[in-house]
Amino acid sequence: MARPNARPAMIEAALRVVEERGITALTLDAVAAEAGVTKRGLIYHFPTKHALLAGIHEFLADRVERGLREATGKEPEEATLAERTRGYVLACTGASTRLETRLIAEAGNEPDWMAPWQRVYDRWFPGDAAPIDEHDDEAMRCLMARMAADGFWGYENALGASLPSGVRERLVDEILALIPEPPAP
């Protein structure tokens, strides 16, 4: 039986398999070999390929949430909408791989894979579940900034377009400028 802390290493191994050989190479046998565990040890943690992919999405969503915490310096419940949005913009415009982008895009087709992403988003932006008041300037500007960051992320990753660093920095600055400044004390 694999050690309890072997689960993250198995997920990292699965990500390497997909990165190096493509998604079609993602099999339980290939991941077990890459992780240096028996197939039986892998199956203890991930009984099916579907469960392995759900574990990958949980792992990646947790990594994004850590990035949000680092960017804001706070837990979501302690941060203002503007602070959470600023963190989201910085996390989305930070480094992510094309592999992560492809996996995230695929998550929308499978509820089990989408659930960790939705959980993170709902924790950071619980107000988005209710209709946004079009007259709430802060909420509208923060939503525009998040949508712009999503577009930035999609452009760079899904399209495989690399932006020169000066252009990249300017775009991030322009997106951040959409977010209202906190009122002076």
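- Within an unreviewed UniProt entry, the label attached to the chain reads TetR/AcrR family transcriptional regulator, and the organism entered is Streptosporangium jomthongense.

1. What to know about the UniProt feature "DNA-binding region" (unreviewed entry) in the chain
Then step 1. Using the residue numbers shown here, the UniProt feature "DNA-binding region" (unreviewed entry) corresponds to residues 27-46.
Then step 2. Secondary structure within residues 27-46 divides into 75% helix and 0% strand; the distance between the first and last C-alpha atoms comes to 11 Å.

2. Concerning the confidence of the model for the chain
Then step 1. Averaged over all residues, the pLDDT of the chain equals 88, while 92% of them reach at least 70.
Then step 2. At the low end of the mean pLDDT range in the chain sits helix α6 (residues 98-107), at 77; at the high end sits helix α2 (residues 28-35), at 96.

3. Description of the packing of aromatic side chains
Then step 1. All chains considered together, the criterion is met by three aromatic pairs.
Then step 2. Here the aromatic rings of Tyr88 and Tyr121 are separated by 6.0 Å at their centres, their planes lie at 80 degrees, and the arrangement is edge-to-face. Taken together, the positions of Tyr88 in helix α5 (residues 81-92) and Tyr121 in helix α7 (residues 111-124) put the pair 33 residues apart, joining distant regions of the chain.
Then step 3. Judged by its relative accessible area of 25%, Tyr121 falls in the partly exposed class.
Then step 4. Measuring from centroid to centroid gives 5.6 Å for Tyr88 and Phe125, while their planes differ by 90 degrees, and the two rings are edge-to-face. Of this pair, Tyr88 sits in helix α5 while Phe125 is found in the loop between α7 and α8 (137-157), placing the two residues 37 residues apart along the sequence.
Then step 5. Directly above the aromatic system of Phe125 lies the positively charged group of Arg146, at a separation of 4.0 Å from the ring centroid.

Quick notes on the rules
- Residues numbered from 1 in each chain as written.
- Predicted model: local features only at pLDDT ≥ 70, side-chain atom pairs only at ≥ 80, totals over all residues.
- Heavy atoms only, no water.
- UniProt positions renumbered as here; feature names shortened; annotations may be inferred.
- Helix = DSSP H or I, 4+ residues; strand = E, 2+ residues; numbered from the N terminus.
- pLDDT = per-residue confidence, 0-100.
- Phe/Tyr/Trp six-rings, centres within 6.5 Å; stacked < 30°, edge-to-face > 60°.
- Buried < 20%, exposed > 50% of the residue type's maximum accessible area, 1.4 Å probe, protein only.
- Lys NZ or Arg CZ within 6 Å of the ring centre and 35° of its normal.

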